[in-house]
Amino acid sequence: MAVMRFQKKHAGKARAFRLYVSILVFLLITPMLLSGCGKVTQQTRPDSFLLSKGDLEKTVVLTGKIAGGAEIVIAGQSDCKITKVNYLRGERVVAGAALAECDTSALELQIRASQLELEKNKKSAQFTYDECQTRYEKALADFESGKNEQIRQAQAEVDKTYRDLVQAKNNENSNPEDDLTIKSMREELVTLASSLEKAKKDLENAEHSVASEEYVAALTRFDSARNAWLGLSDEIIQEFASADAELEDAKKAYSKNSDAGNEKRLINAALEMDKVIAKFPDESKLWDEYRASETALKTLKDKENADLEELREAVYSAQRAYDLANDKLQAELQNLESSQKAGVEAATYNYEQAVLALESAKQTALKEIDSLKSELKRYELNLDFKAEELDIARQKKMLEDANLVAPISGIVVECNAEVGNTASGKLFVIQDSSNFYASCRVSEYDVENIAIGQKVRITSNVSDEREFQAEVVFISPVALETSVENASEFEVLIRINDSDDALKLGASARAQVIVDKRQSVYFVPIEAVEQLGDGRGLICVIDEEGSITQVEVQTGLETDYSIEIASDDLRDGMLVLKAFSEDDGTGVNE
């Protein structure tokens, strides 16, 4: 167990000197006391001492053993066989020396093969990555610069359909009279109008020259009937005209050949005419009147003037030609308007489809870029050969483990290596002999006073009690399993800074750990101070007349036997009682 006590510089000499002085004083004053004459003076008190400054230390004393430096374990994890052991237990070895030799040829070949395979795989993976990166960068550059072929074609189609749409809208907004077909039909209609006017004038001239009253009446009837008939819709006129034309053709055919086929045709034509008459009963009267007036007029024409009839027919034909041309013109105008609207709709649809196709081409290109980017990331992962490199590193570590070299200089304290065995497991243990340590124990009561870096004085029986300077370098956080009963102990490792061959491994050691220190201070025995609390105390001082005076002091560092004191009233050479006493007389306190 550690023992705490105070240390004073030159303590042995001071104690001898004080003992000598005390004996001398005792011999001088004893006769005076016995004779009852004389007075007790400052030099005649054996229970006092002269106050002086010195160095006060608080120490913890530990005991232990001298040990060498760290023990280095040389262990291997190699399957290589040991072929030679160069150092055995107890032999001294220098750093870098080969402790044993192993056959590493197979392992070296394996490492070389692994390195070649890794190099080949790295080149292959890098080539694949570079090729993919080239494709990715080209696809990205083509997309950003507009050189992507699908996007370029789609953009060209958008441009074309947009031009077509603009043209279609321009056509829709253009004057229909500017259309070449409309212009041609307008010119034809003007020509027909001129022909109609000419035919009417020719007829009018002929009628005024040859017309009789009967003919005039027949003509008036015919004009009236014809105008009434022509006032009907084109559909009605067309149906009556078609049915009448078919009936007339059937009659002509039957008159030429009265076979069953022509007879059936004639019957069907008559029935078809009856259907038209039944469908348009009121209009049929106009038709009948028109046909009757026409027949009557024709008869008169035949009678009076065949040329006049031809003129009227010419007017009728010109009128019909004009009407048909006008109908065609109106129909063409409607068709042109519908065609223009349909053209705009079709052009709009084509343009919208082209825009969608362009967007689709862009999305396809972006998907291809994303796909290449993902593929590039996968190939980038393939560039990671950490597992293979770690495997080679493991093989190299096995090769390194097979190279059994002493990492430090020291003494081989354990050798497990044998020729023929593999270089694995714990093979050698080397203890560092360049530094010495003191391995000590400290009780749980004193461990709180020990700190790393504290200065220590070491002595040992094998070094004739010579003091070595040291310092605390380690305090175990866990109590030793071999601690004494009811008091745990902790290991403290102390490094000896100025060790030499005088120290021996395993020798006993005594360590004085300096936990606190005061230099050039006043200190007295603990019994000399009456503690008042709050760091205050009283001491008894004997003056030159032998009177005892109590002096108040401030207390400081306290050891097992001494305590530091301070006061402005203190000075070197003061005579202080070794034990505090309330008696302030001049007699000796017993």
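Remember, it's a predicted structure, so these values are computed and weren't measured experimentally. (Residues numbered from 1 in each chain as written. Predicted model: local features only at pLDDT ≥ 70, side-chain atom pairs only at ≥ 80, totals over all residues. Heavy atoms only, no water.)

1. Here we look at the packing of helix α2 (residues 105-145) against helix α10 (residues 386-402)
Selection criterion: Every axis in this analysis is a line fitted to C-alpha atoms, fitted for helices over the stretch in contact. Angles between the N-to-C directions lie between 0 and 180 degrees. The way it works is that DSSP assigns letters per residue, a run of H or I at least four long becomes a helix, a run of E at least two long becomes a strand, and they are numbered from the N terminus. Should an angle lie under 35 degrees it is considered roughly parallel, over 145 roughly antiparallel, and from 65 to 115 roughly perpendicular; all remaining angles are considered oblique. Here a crossing is called left-handed whenever its near helix is offset anticlockwise from the far helix by less than a right angle, and right-handed whenever the offset is clockwise. Contact criterion: two residues are considered in contact whenever any of their non-hydrogen atoms come within 4.5 Å of each other. Only Asp, Glu, Lys and Arg are considered charged, only Ala, Val, Leu, Ile, Met, Phe, Trp, Tyr, Cys and Pro nonpolar, and every remaining residue, Gly among them, polar.
At their nearest, the axes of α2 and α10 sit 10 Å apart, and the two run at 165° to each other. By the angle between their directions, the pair α2 and α10 is classed as roughly antiparallel. In this structure, α2 meets α10 at a crossing whose hand is left-handed. Note on element contacts: α10 touches α2 through E388, E389, I392, Q395, K396, M398 and L399, opposite L107, E108, Q110, I111, S114, Q115, L118 and K122. Of the residues in the contact of α2 with α10, the class split is 6 nonpolar, 4 polar and 5 charged.

2. Focus on helix α7 (residues 260-279)
Spelled out, the test is: Expected helix span is taken as 1.5 Å per residue step, with the number of steps being one fewer than the number of residues. Using a 1.4 Å probe on the protein chains alone, a residue whose accessible area is under 20% of its type maximum counts as buried, one over 50% counts as exposed, and one in between counts as partly exposed. This arc describes the spread of directions from the helix axis toward the C-beta atoms.
In this model, α7 (20 residues) spans 28 Å end to end at C-alpha, consistent with the 28 Å of a helix rising 1.5 Å per residue. Looking at α7, one finds that the buried residues are N262, A269, M273 and V276. One side of α7 carries all its buried residues, which in axial view fall inside an arc of 60°. Facing away from the buried surface of α7 by more than 90 degrees, the exposed residues are A260, K264, K275 and A278.

3. Digging into unusual backbone geometry
Of note in this structure, S520 is not a glycine but carries a positive phi near 55°. The partly exposed category is assigned to S520, whose relative accessible area is 47%. Located in the positive-phi region is D534, a residue other than glycine, with phi close to 55°. Take D534: it is sitting in the loop between β14 (530-533) and β15 (536-542).

4. Focus: the environment of A325
Structurally, the position occupied by A325 is in helix α9 (residues 306-382). Residues A325 and L189, 136 residues apart in the sequence, show an inter-C-alpha distance of 6.1 Å. If we ignore the near neighbours within four places in the chain, the residues touching A325 are M185, L189 and L192.

5. Considerations on the pairing of strand β17 (residues 562-566)
Formally: DSSP calls a pair of strands paired once it identifies at least 2 bridges connecting them.
With respect to burial, β17 is a largely interior element, 4 of its 5 residues being buried. In the sheet, strand β13 (residues 508-525) pairs with β17 via 4 bridges, with the strands oriented antiparallel. Within β17, the position partnered with F523 by the bridge is E564. The turn linking strand β16 (residues 548-558) back onto β17 is made up of 3 residues.

6. Describing the pattern of salt bridges
How we decide: Each salt bridge in this description consists of a side-chain nitrogen of Lys or Arg and a carboxyl oxygen of Asp or Glu lying within 4 Å of one another.
With the rule as written, the count across this model stands at 26 salt bridges. Between E57 and K517 there is a salt bridge whose closest N-O contact spans 3.6 Å. Of this pair, E57 sits in strand β3 (residues 53-67) while K517 is found in strand β13, placing the two residues 460 residues apart along the sequence. A relative accessible area of 36% means that K517 is categorised as partly exposed. Note that K123 and E119 form a salt bridge whose closest N and O atoms lie 3.7 Å from each other. Of the two residues, K123 and E119 are both situated in helix α2; the distance of 4 residues between them amounts to about one turn of the helix. We classify K123 as exposed; its relative accessible area is 57%.

7. Quick notes on the sheet that holds strand β4 (residues 71-85)
Consider a sheet: its strands pair through backbone hydrogen bonds, and that pairing is either parallel or antiparallel. A sheet is described by the order of its strands in space; here 5 strands give the open sequence β5-β7-β8-β4-β6, paired in antiparallel fashion. Of all strands in the sheet, those with a lone pairing partner are β5 (92-93) and β6 (100-103), marking the two edges. Together, β4, β6 and β8 (422-432) form the strand contacts of α10, whose direction differs from that of β4 by roughly 95°.

8. Description of the confidence of the model for the protein
Selection rule: Residue-level confidence of the predictor, termed pLDDT, takes values from 0 up to 100.
For the protein, the mean per-residue pLDDT works out to 83, and 89% of the residues sit at or above 70. Per-residue pLDDT, averaged within each element of the protein, yields its smallest value for strand β1 (residues 6-8) (32) and its largest for β15 (95). Counting contacts from residues 1-42, a segment whose pLDDT is below 50, to residues more than four positions away or on other chains yields 57 contacts. Counted against residues more than four places away or in other chains, residues 585-590, with its pLDDT under 50, gives 15 contacts.

9. Examining the side chain of T459
With respect to the helices and strands, T459 occurs in strand β10 (residues 455-459). Look at T459 and you get buried, because its relative accessible area is 10%. If sequence neighbours within four positions are ignored, T459 has contacts with E465, R466, E467, S508, A509 and R510.

10. Some details on the pairing of β8
Sheet analysis places β4 next to β8, joined by 8 bridges and oriented antiparallel. Bridging from a neighbouring strand, K81 pairs with T422 of β8. Alignment of strand β7 (residues 410-415) against β8, held across 5 bridges, turns out to be antiparallel. The residue of β8 that forms the bridge with E414 is V429. In this antiparallel pair of consecutive strands, β7 and β8, the connection spans 6 residues, and G420 shows a positive phi of 100°.

11. A look at the packing of aromatic side chains
We describe a pair of aromatic rings using the distance from one ring centre to the other and the angle between the two ring planes. For clarity, the cut-off: Ring pairs are drawn from Phe, Tyr and Trp, using the six-membered ring of Trp, whenever the two centres fall within 6.5 Å, and their geometry is named by plane angle: stacked under 30 degrees, edge-to-face over 60, tilted for the rest.
Following the criterion strictly, the structure yields 8 aromatic pairs and no others. With a centroid separation of 5.6 Å and 55° between ring planes, the pair formed by Y162 and Y351 is classed as tilted. With Y162 in helix α3 (residues 149-173) and Y351 in helix α9, this residue pair connects regions lying 189 residues apart in the sequence. Here a set of aromatic residues connected by ring pairs shows up, and it is made of F222, W229, F240, F280, W287 and Y290.

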